[in-house]
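Here is how the chains run, residue by residue.
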Amino acid sequence: MSSTSSTSSTPTPRHDPRPLTGEPLALDLLNTRWMQDGAVRDLLADTDGLAVWLTANGLDGDHPCDATTLRHLLRARDALKAAVDGSPREAAPLVDAVLAHGRIRATLTADGPGELAEFDAPAWGPAWLAARDYLRLLSTVPDRIRACAHEACILHFLDTSRNGTRRWHSMATCGNRAKASRHYARTKED
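Analysis parameters
As a convention, each chain's residues are numbered from 1 in the sequence order in which they are written. With the structure being a predicted model, the display of local features is reserved for residues of pLDDT at least 70 and the display and counting of side-chain atom pairs for 80 or more, all residues being used for whole-chain, interface and lining totals. Remark: hydrogens and water are excluded; side-chain values derive from all non-hydrogen atoms of the structure. Lines fitted to C-alpha atoms define the axes, with helix axes restricted to the stretch in contact, and inter-axis angles between N-to-C directions lie between 0 and 180 degrees. Only DSSP runs of H or I with at least four residues qualify as helices, and only runs of E with at least two residues qualify as strands; both kinds are numbered from the N terminus onward. Here the word oblique covers every angle except those under 35 degrees (roughly parallel), over 145 (roughly antiparallel) and from 65 to 115 (roughly perpendicular). It is the rotation of the near helix from the far one that decides the hand of a crossing: anticlockwise by less than a right angle makes it left-handed, clockwise makes it right-handed. What makes two residues a contact is simply this: any of their non-hydrogen atoms within 4.5 Å. Asp, Glu, Lys and Arg are counted as charged, while Ala, Val, Leu, Ile, Met, Phe, Trp, Tyr, Cys and Pro are counted as nonpolar; the rest, among them Gly, fall into the polar class. Any residue with an atom within 4 Å of a point lines the site, the site being either a cavity, points on a 1 Å grid over the protein atoms alone where a 1.4 Å probe fits but cannot get out, or a pocket, an open set with protein on both sides within 12 Å along at least 5 of 7 lines. Grid points are joined across faces, edges and corners, and a volume is the space filled by probe spheres set on the points. Being paired, for any two strands, means DSSP has found at least two bridges between them. Between Lys or Arg on one side and Asp or Glu on the other, a salt bridge is scored when a side-chain nitrogen of the former is within 4 Å of a carboxyl oxygen of the latter. Classification of residues uses two cut-offs on accessible area relative to the type maximum, computed with a 1.4 Å probe and protein chains only: under 20% is buried, over 50% is exposed, and between them is partly exposed.

Participant: Any chance you could break down the packing of helix 3 (residues 67-85) against helix 4 (residues 88-99) for me, citing the residues and the numbers?
Facilitator: It is at 8 Å that the axes of helix 3 and helix 4 come closest, and there the two elements cross at 155°. When the interaxial angle is binned, helix 3 and helix 4 end up roughly antiparallel. The handedness of the crossing between helix 3 and helix 4 comes out as left-handed. Here helix 3 contributes Arg-75, Ala-76, Ala-79, Leu-80, Ala-82 and Ala-83 to the contact with helix 4, which in turn contributes Pro-88, Ala-91, Leu-94, Val-95, Ala-97 and Val-98. For the contact of helix 3 with helix 4, a count of residues per class yields 11 nonpolar, no polar and 1 charged.

Have a look at this one:
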């Protein structure tokens, strides 16, 4: 297992077009697909989008931005989507297949105990880190992992509201759309 990374020619990151960023790594990976004007958009359609995602998550200096990393990351995204939106029992082997390419090694640092993530190859790093982050979320806040409640939205978020009842990834977009739809339905009935 390698804990060092090799760098490859990294495309210059373009603007991140996603409507929701800043979620925990596992959910941010899921949010590389979103709806826009009735069509699914995919940030990870190419290595330019991979560069944007790696930069947004502070992973751009440590992992190669190439087709192999992209392929592994798409595999992790599919596994996490199955885990979050489907059956955990059926998704477990998919997530475990990604996790099989890395491990945490305990270390002693100048500051005390530490951990070091190690991967079969540097290209597995981002995928493995996202899958590992999903395990962290499951062990700490499993009931706060949410899919946006708007029927035309495919984004996911960590509900950090005090009472844990947040329904939409954004009240300004999906929440207002839902309210407008309900209002329209009520006025149409009158």
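Participant: Go over empty space enclosed by the protein, please, and point to the residues and values.
Facilitator: Evaluation of the coordinates by the stated rule reveals 1 cavity of 30 Å³ or more. Considering the residues around the largest cavity, the lining is formed by Leu-30, Arg-33, Arg-77, Lys-81, Ile-154 and His-156. Residue composition of the lining of the largest cavity, grouped by class: 2 nonpolar, 1 polar and 3 charged.

Participant: Mind laying out the pairing of strand 2 (residues 39-42), listing which residues take part and the relevant values?
Facilitator: Sheet analysis places strand 1 (residues 33-36) next to strand 2, joined by 4 bridges and oriented antiparallel. Each residue of the ladder has a partner; that of Gln-36, found in strand 2, is Ala-39. Turn length for the strand 1-strand 2 hairpin, with the two strands adjacent in sequence and antiparallel, is 2 residues, and the turn residue Asp-37 shows positive phi of about 55°.

Participant: How would you summarise the pattern of salt bridges if you had to cite specific residues and measurements?
Facilitator: Under the criterion given, the structure shown has 8 salt bridges. Between Asp-28 and Arg-18 there is a salt bridge, with its nearest N and O atoms 3.1 Å apart. In this pair, Asp-28 sits in helix 1 (residues 25-30) while Arg-18 sits in the segment before helix 1, placing the two residues 10 residues apart along the sequence. By relative accessible area, which is 1% here, Asp-28 ends up buried. With its nearest N and O atoms 2.6 Å apart, the salt bridge here joins Glu-118 to Arg-103. With a gap of 15 residues between them, Glu-118 in strand 4 (residues 112-119) and Arg-103 in strand 3 (residues 102-109) connect regions that are remote in the sequence. Accessibility expressed as a relative area gives 6% for Glu-118, which makes it buried. According to the relative accessible area criterion, Arg-103 is partly exposed, its value standing at 39%. Counted as one network, the salt bridges with shared partners bring together Asp-16, Arg-18 and Asp-28.

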